[in-house]
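Structural characterization, general
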Amino acid sequence: MKPQHDFPVAYPTEVLALIPTFIVVAVDAAGMGIILPLLPFYSQQLGATPFTVGALISVYALCQLVAGPVVGTLSDRYGRRGVLIVSQIGTLVGFVLLASANSLTVVFLARIVDGLTSGNISVAHAYAAEHSAPSTRKQALGTTSGAIGTGLVVGPALSGLLVQFGSTAPIWAAALLSLMSIIATIGLLPPDHPEPGGLDVHPVPESESAGILLVIPSAWVLLGLLILYFLVNSMFLSQIALFLSARFSWQGHPFGARELGGVFAYAGFINILVQGLLITRASRYASDRITVTIAFACMGAGFLGIAVVERISLLALSLTLIIFGTMFIRTTLTAELSQSVPLNRQGVIMGLNQSLMSSANIVAPLLSGALIDRRLYATWALAMAAIAACGAITAVGLLARPQAKIPALGRRVNKLGSF
């Protein structure tokens, strides 16, 4: 058990400096939160099958895979703020196209535009890491994750309220929020003009940037765990709407966009709870590896639950286990990954992280779509339980393994204390 004094709390000045980032990310996430519960049902109105819904997510992820490293590198070289604005403009254009769509072709075009200019969250994570000390990095990243949670409470709730005025009303609201996010970025985030060599006092030459990632075994362990997380999370998010619609009813009608909006809002509330109260307290009593092991186990139990339960109360319990596990895994592993490289390479590592997530998001939604298309609902849930079990077993194996020594790179690389 770790003593409390090993976990410093972020200083007030650092917290205040991250308020503009919190506002920008929260508004951006609210727009994304509006779309998440609506897109499957909106696409079905235009003739999409569950597999087509998965393909929509996959094509977006494919575009992210192409754009992710480019966005990260550009943000390192030219500054986070300018790249963030360009990314947000692409999101706005994608929302406008989506709201105007009269065919699945236009829906696909909207997702392609949004995907090619995506990177808002990874750039925001890099900005937060860049403006925090190594000792408070987890709290800083928790701030951006908390902003995402705030947006994912407000966004789905708005989607559920606005869908009664028409299926495009929530999308136009998301476009408006995207415009507000652009204005907030321009007005609130201070301009950054990085010097050649980056912001780290011990800059890393370009020729070493890729080499640093290769010589840190702990970083690749983290990335491996993140891949498992991304796979199972993408399978879950891509088809949970159609799964709930097919298996559960609320007040006499199948789950729809309004009910799913409530589920996503609940997930956002848990995200705020985890980031604001639980993640730091958990760190005082357990290592990050133990936390990740338990979180994967919770996800697996939740997936087993939704495979067999029929009552709404048990469904709520299973979803709660899944959501809690999701929040702990992503925040813990992202914070550890951030500390594996110098500050002036935050964009590179977060861009790589984004690319791995996009790779998982290309394969997993297609697999999920094929299973739900064939009404293999229990198989879908059990497949996710198996992947979560692999994550827990991998983390348990790491617990029994001696601490790997990281090759010396002077003071240019932050060592991982937990992995």
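Residues numbered from 1 in each chain as written. Predicted model: local features only at pLDDT ≥ 70, side-chain atom pairs only at ≥ 80, totals over all residues. Heavy atoms only, no water.

1. Considering the overall build of the protein
- Within the protein, the secondary structure is distributed over 16 helices and two strands.
- Across the 419 residues that make up the protein, the buried fraction comes to 56%.
- When contacts within the protein are restricted to residue pairs at least 6 apart in sequence, long-range pairs at least 24 apart make up 86% of them.
- Here the protein has roughly 17300 Å² of accessible surface; of this, 70% comes from carbon and sulfur atoms. (Helix = DSSP H or I, 4+ residues; strand = E, 2+ residues; numbered from the N terminus. Buried < 20%, exposed > 50% of the residue type's maximum accessible area, 1.4 Å probe, protein only. Contact = heavy atoms within 4.5 Å. Areas by Shrake-Rupley, 256 points an atom, 1.4 Å probe, with all protein chains shown as cover.)

2. Focus on unusual backbone geometry
- With phi around 55°, Gln-251 is a residue other than glycine that occupies positive phi space.
- Along the chain, Gln-251 turns up in the loop between strand 1 (249–250) and strand 2 (253–254).
- A positive phi angle, close to 60°, is found at Arg-375, a residue other than glycine.
- With respect to the helices, strands and loops of the structure, Arg-375 is situated in the loop between helix 15 (346–373) and helix 16 (377–399).

3. Brief notes about the packing of aromatic side chains
- Applying the stated criterion across every chain, the model contains five aromatic pairs.
- Considering the side-chain rings of Tyr-229 and Phe-230, the 5.5 Å spacing of their centres and the 55° angle between planes classify their relative orientation as tilted. For the pair Tyr-229 and Phe-230, a shared accessibility class is recorded, and that class is buried.
- When the centroid spacing of 4.8 Å and the interplanar angle of 40° are considered together, the rings of Phe-243 and Trp-380 count as tilted. Residue Phe-243 is located in helix 11 (residues 217–247), and its partner Trp-380 is located in helix 16; the two are separated by 137 residues in the primary sequence.
- On the basis of relative accessibility, which here comes to 0%, the residue Trp-380 falls in the buried class.
- Taken together, Phe-243, Phe-248, Tyr-377 and Trp-380 form an aromatic cluster joined through their ring pairs.
- Its guanidinium or amino end placed over the ring of Tyr-60, Arg-111 lies 4.5 Å from that ring's centre, counting from NZ or CZ. (Phe/Tyr/Trp six-rings, centres within 6.5 Å; stacked < 30°, edge-to-face > 60°. Lys NZ or Arg CZ within 6 Å of the ring centre and 35° of its normal.)

4. Overview of the confidence of the model for the protein
- For the protein, the mean per-residue pLDDT works out to 78, and 75% of the residues sit at or above 70.
- Model confidence for the protein, summarised as mean pLDDT per element, is weakest for helix 10 (residues 206–214) at 47 and strongest for helix 13 (residues 288–308) at 93.
- For the stretch residues 1–13, pLDDT sits under 50, and the model shows 19 contacts to residues farther than four places along the chain or on other chains.
- In this model, residues 402–417 is a region of pLDDT below 50 whose contacts with residues beyond four sequence positions or in other chains number 35 contacts. (pLDDT = per-residue confidence, 0-100.)

5. Some thoughts on the packing of helix 13 against helix 14 (residues 312–338)
- At a minimum axis distance of 7 Å, the contact between helix 13 and helix 14 shows a crossing angle of 150°. The angle between helix 13 and helix 14 falls in the class roughly antiparallel. As for the relative orientation of helix 13 and helix 14, their crossing is left-handed in sense. Contacts between helix 13 and helix 14 pair Asp-288, Thr-291, Val-292, Ala-295, Phe-296, Cys-298, Met-299, Ala-301, Gly-302, Phe-303, Gly-305 and Ile-306 from the former with Leu-315, Ser-318, Leu-319, Leu-321, Ile-322, Gly-325, Thr-326, Phe-328, Ile-329, Thr-332, Leu-333 and Glu-336 from the latter. (Axes fitted to C-alpha atoms, helices over the stretch in contact; angles between N-to-C directions. Parallel < 35°, antiparallel > 145°, perpendicular 65-115°, else oblique. Left-handed = near helix turned anticlockwise from the far one by under 90°.)

6. Observations concerning the side chain of Asn-361
- Its location among the elements puts Asn-361 in helix 15.
- Among the polar contacts listed, one links the side chain of Asn-361 to the side chain of Ser-234, at a separation of 2.8 Å.
- With near-sequence residues (within four places) excluded, Asn-361 lies in contact with Ile-57, Ser-58, Ala-61, Gln-64, Phe-230 and Ser-234. (Polar contact = N/O pair within 3.5 Å; in protein donor to acceptor, adjacent residues only side chain to side chain.)

7. Considerations on the side chain of Ser-87
- Within the secondary structure, Ser-87 is located in helix 5 (residues 80–99).
- Ser-87 gets classed as buried once you look at its relative accessible area, which sits at 2%.

8. With respect to the nonpolar core
- Counting 83 residues, the largest nonpolar core has Phe-243, Leu-244, Phe-296, Phe-303, Ile-306 and Trp-380 as the members making the most contacts within it.
- The element contributing the most residues to this core is helix 11, with 15 residues. (Core = buried A, V, L, I, M, F, W, Y, C linked by side-chain atoms within 4.5 Å.)

9. Thoughts on the packing of helix 5 against helix 6 (residues 104–116)
- Packing of helix 5 against helix 6 leaves a shortest axis separation of 8 Å and a crossing angle of 175°. Between helix 5 and helix 6, the crossing angle belongs to the class labelled roughly antiparallel. Listed contacts from helix 6 to Gly-90, Thr-91, Val-93, Gly-94, Phe-95, Leu-97 and Leu-98 of helix 5 are Val-106, Val-107, Leu-109, Ala-110, Val-113 and Asp-114.
- Partitioned by chemical class, the residues of the contact of helix 5 with helix 6 number nine nonpolar, three polar and one charged. (Nonpolar A, V, L, I, M, F, W, Y, C, P; charged D, E, K, R; others polar.)

10. Examining helix 4 (residues 50–78)
- For helix 4, with 29 residues, the first-to-last C-alpha span of 40 Å sits near the 42 Å given by 1.5 Å per residue.
- The largest bend along helix 4 reaches roughly 40° and is located at Ala-67, with the proline Pro-69 sitting one to four residues downstream.
- Where helix 4 ends, the next residue or the one after it, Gly-79, has phi of about 105°, a positive value. (Expected span 1.5 Å × (residues − 1). Bend = angle between axes of the 7 residues up to and from the residue.)

11. Re the pattern of salt bridges
- The tally for this structure, following the rule as stated, stands at one salt bridge.
- A salt bridge links Arg-111 to Asp-114; the shortest N-O distance between them is 3.6 Å. Within this pair, Arg-111 and its partner Asp-114 are both found in helix 6, separated by three residues, close to a single helical turn.
- Using a relative accessible area of 11% as the deciding quantity, one classes Arg-111 as buried.
- Taking relative accessible area as the criterion, Asp-114 reaches 5% and is therefore assigned buried. (Salt bridge = Lys/Arg side-chain N within 4 Å of Asp/Glu carboxyl O.)

12. Quick look at the environment of Ser-355
- With respect to the element layout, Ser-355 can be found in helix 15.
- Sequence-wise, Ser-355 and Val-66 are 289 residues apart; in three dimensions their C-alpha atoms are separated by 7.7 Å.
- When neighbours within four sequence positions are excluded, Ser-355 is seen to be in contact with Leu-65, Gly-68 and Pro-69.

13. What about the environment of Thr-331?
- Here Thr-331 shows up in helix 14.
- For the pair Thr-331 and Asn-271, spaced 60 residues apart in sequence, the C-alpha to C-alpha distance is 9.8 Å.
- A distance of 3.1 Å separates a polar side-chain atom of Thr-331 from the backbone oxygen of Met-327.

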